[in-house]
Amino acid sequence: GQQLNQSPQSMFIQEGEDVSMNCTSSSIFNTWLWYKQDPGEGPVLLIALYKAGELTSNGRLTAQFGITRKDSFLNISASIPSDVGIYFCAGRPVGPVLTSGTYKYIFGTGTRLKVLA
Amino acid sequence: DTEVTQTPKHLVMGMTNKKSLKCEQHMGHRAMYWYKQKAKKPPELMFVYSYEKLSINESVPSRFSPECPNSSLLNLHLHALQPEDSALYLCASSQDRGRGGNSPLHFGNGTRLTVT
């Protein structure tokens, strides 16, 4: 199925460093979601974005909905070992709304983060 | 703890077996989803139920049969699976806010399925 371009694919960082990752698309989106997935568990919602230019924080995490509506960014400040995991973006493309408001989210390819203590 | 509960956590089945995966949510969400996730890959949408009616079937083989008995429960019936069907099966739910409504997906912890 369709996937979003997410980068970097993986990254190793030192504890305390800041992390940045992004998702890009050739299509316009009207919702962006960011998830973290730990091994053996389901994705956990971190941040949801609904408006172009929106900047939202959740603790040390900050995400932005790109002005062009074709991208989104996630930043993690002062990383700690428990930040390790796979981060996925998910976007809802602009298009026909299905019956009853159900809709598809397209997922990014994921960024695997490893934090070195 | 996730508010979407999936059972069993692990399942091993032979290619001739019939088994079912179960999902339950009590958040009042009216849309429920099945996703399949292979290792190191993003989740792939399989089915969407809205108000207990099948809304989306992403051309999933008939050996996977979804069922939504009520707004809180979602099942996935499995029959005659292939080894390549081994994966993490994730259930998700979302608030259905009608046309144009945006609501994030809330995932369960999944069922790790192995087909032998």
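Computed from a predicted structure; not experimentally measured. (Residues numbered from 1 in each chain as written. Chains lettered and ligands numbered in written order. Predicted model: local features only at pLDDT ≥ 70, side-chain atom pairs only at ≥ 80, totals over all residues. Heavy atoms only, no water.)

With respect to the sheet that holds strand β3 (residues 19-24) of chain A
All names here are of chain A.
Turning to step 1, where the next piece is worked out: The strand order β1-β3-β8-β7-β6 describes an open sheet built from 5 strands, whose pairing is antiparallel. Every interior strand has two partners, whereas the edge strands, β1 (5-7) and β6 (55-58), have only one. Across this sheet, the average inter-strand angle for adjacent strands is 15 degrees, counted without regard to direction. (Pairing = 2+ DSSP bridges. Helix = DSSP H or I, 4+ residues; strand = E, 2+ residues; numbered from the N terminus. Axes fitted to C-alpha atoms, helices over the stretch in contact; angles between N-to-C directions.)

Thoughts on the state of the cysteines
Residue and element names in this part refer to chain A.
Turning to step 1, where the next piece is worked out: Evaluation of the coordinates by the stated rule reveals 2 disulfides over all chains.
Turning to step 2, where the next piece is worked out: Bridging Cys 23 to Cys 89, the disulfide has an S-S length of 1.6 Å. Disulfide Cys 23-Cys 89: torsion about the S-S bond near -80 degrees, hence left-handed. Residue Cys 23 is found in strand β3, and its partner Cys 89 is found in strand β9 (residues 85-93); the two are separated by 66 residues along the sequence. (Disulfide = S-S within 2.5 Å.)

Considering the environment of Leu 113 of chain A
All names here are of chain A.
Turning to step 1, where the next piece is worked out: Along the chain, Leu 113 falls in strand β11 (residues 111-116).
Turning to step 2, where the next piece is worked out: For Leu 113, a relative accessible area of 0% puts it in the buried group.
Turning to step 3, where the next piece is worked out: Between the C-alpha atoms of Leu 113 and Ser 72, which are 41 residues apart in sequence, the distance is 18 Å.
Turning to step 4, where the next piece is worked out: Among residues more than four places away in sequence, those in contact with Leu 113 are Met 11, Ile 13, Val 19, Ile 76, Asp 83, Val 84, Gly 85 and Tyr 87. (Buried < 20%, exposed > 50% of the residue type's maximum accessible area, 1.4 Å probe, protein only. Contact = heavy atoms within 4.5 Å.)

Topic: empty space enclosed by the protein
Residue and element names in this part refer to chain B.
Turning to step 1, where the next piece is worked out: By the definition in use, this model includes 1 cavity of 30 Å³ or more.
Turning to step 2, where the next piece is worked out: Empty space within the largest cavity amounts to approximately 30 Å³.
Turning to step 3, where the next piece is worked out: Along the walls of the largest cavity sit Arg 30, Ala 31, Met 32, Tyr 49, Tyr 51, Glu 52, Cys 68 and Ser 71, which together make up its complete lining.
Turning to step 4, where the next piece is worked out: Here the lining of the largest cavity is built from residues that sort into 5 nonpolar, 1 polar and 2 charged. (1 Å grid on protein atoms, 1.4 Å probe; cavity = no way out; pocket = protein on both sides within 12 Å on 5 of 7 lines; lining within 4 Å. Points joined across faces, edges and corners; volume = space filled by probe spheres on them. Nonpolar A, V, L, I, M, F, W, Y, C, P; charged D, E, K, R; others polar.)

Comments concerning unusual backbone geometry
Turning to step 1, where the next piece is worked out: The residue after Ser 7 of chain A, namely Pro 8 of chain A, is reached through a cis peptide bond having omega 0 degrees.
Turning to step 2, where the next piece is worked out: The residue Pro 8 of chain A is located in the loop between β1 and β2 (10-14) in this model.
Turning to step 3, where the next piece is worked out: The step from Thr 7 of chain B to Pro 8 of chain B runs through a cis peptide bond, and the omega angle for that step is -10 degrees.
Turning to step 4, where the next piece is worked out: Considering the arrangement of structural elements, one finds Pro 8 of chain B in the loop between β1 (4-7) and β2 (10-13).
Turning to step 5, where the next piece is worked out: The residue Arg 69 of chain A is not glycine, and still its phi comes out positive at about 70 degrees.
Turning to step 6, where the next piece is worked out: Looking at where Arg 69 of chain A falls in the secondary structure, it is placed in the loop between β7 (61-65) and β8 (71-76).
Turning to step 7, where the next piece is worked out: Classification of Arg 69 of chain A by relative accessible area gives partly exposed; the value is 31%.
Turning to step 8, where the next piece is worked out: Positive phi values are uncommon outside glycine, yet Tyr 51 of chain B reaches one of about 50 degrees.
Turning to step 9, where the next piece is worked out: Structurally, the position occupied by Tyr 51 of chain B is in the loop between β5 (44-50) and β6 (53-57).

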